[in-house]
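Take a look at the letters that make up each chain.
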Amino acid sequence: QVQLVESGGGLVQTGGSLRLSCAASGRDFGSYGMGWFRQAPGKGREFVATINWNGFSTFYLGSVKGRFTASRDNAKNTVYLQMNSLKPEDTAVYYCAAARTPDWGTLESDYDYWGQGTQVTVSS
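The shown structure was predicted, so the numbers you read here are calculated from the model rather than taken from an experiment. In every chain, residue numbers begin from 1 and rise along the written sequence. Totals for whole chains, interfaces and linings use all residues, but because this is a predicted model, local features are given only for residues with pLDDT of at least 70 and pairs of side-chain atoms are given and counted only at 80 or more. Hydrogen atoms and water are omitted, and side-chain values are computed over all heavy atoms in the structure.

Enquirer: Just give me the short version of the pattern of salt bridges, but keep the residues and values in it.
Expert: A side chain with one charge can pair with a side chain of the opposite charge if their charged atoms come near. Counted as salt bridges are all cases of a side-chain nitrogen of Lys or Arg within 4 Å of a carboxyl oxygen of Asp or Glu. By the definition in use, this model includes five salt bridges. For Arg38, the salt bridge is made with Asp90, and the minimal N-O distance between the two is 2.9 Å. Here the residue Arg38 occupies a position in strand β4 (residues 33-39), and Asp90 occupies one in the loop between β8 (78-83) and β9 (92-99), the gap between them amounting to 52 residues. Asp90 carries the same exposure label as Arg38, and that label is buried. In this structure, Arg100 engages Asp112 in a salt bridge whose closest nitrogen and oxygen atoms are separated by 3.9 Å. Of the two residues, Arg100 is situated in the loop between β9 and β10 (113-114) and Asp112 in the loop between β9 and β10; the sequence distance between them amounts to 12 residues. The numbering of helices and of strands both runs from the N terminus, where a helix is a DSSP run of H or I of at least 4 residues and a strand a run of E of at least 2. When accessible area is computed with a 1.4 Å probe and restricted to protein chains, residues below 20% of their type maximum are described as buried, those above 50% as exposed, and intermediate ones as partly exposed.

Any functional reading would require information that these geometric values do not contain.
This is how it looks when you write it as structure tokens:
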């Protein structure tokens, strides 16, 4: 029912910044909780950030708190992840996820739809 298309990944040096975007289909985006996860080679998906339906409530993985900021523009059906002060440990494929419930969540099982992923590589 919902399609998510991510963009904005790339190669940056340590300390650099990227802004990931996730564009969603459908007319119910404003009622969805959204999340960002990442997956490094050989590992499962790791929770990164989540944002509730109106963008007023967010929660972050401890290692990215203060560096990453999730936001959303419901009029554009888009959620963002601004990533600053990037470190090599942030290298991963980043995934956008949508939940049909309006609250945020930190588990893969909290979400119903997933994007294709976008590669973020941080060089030292």
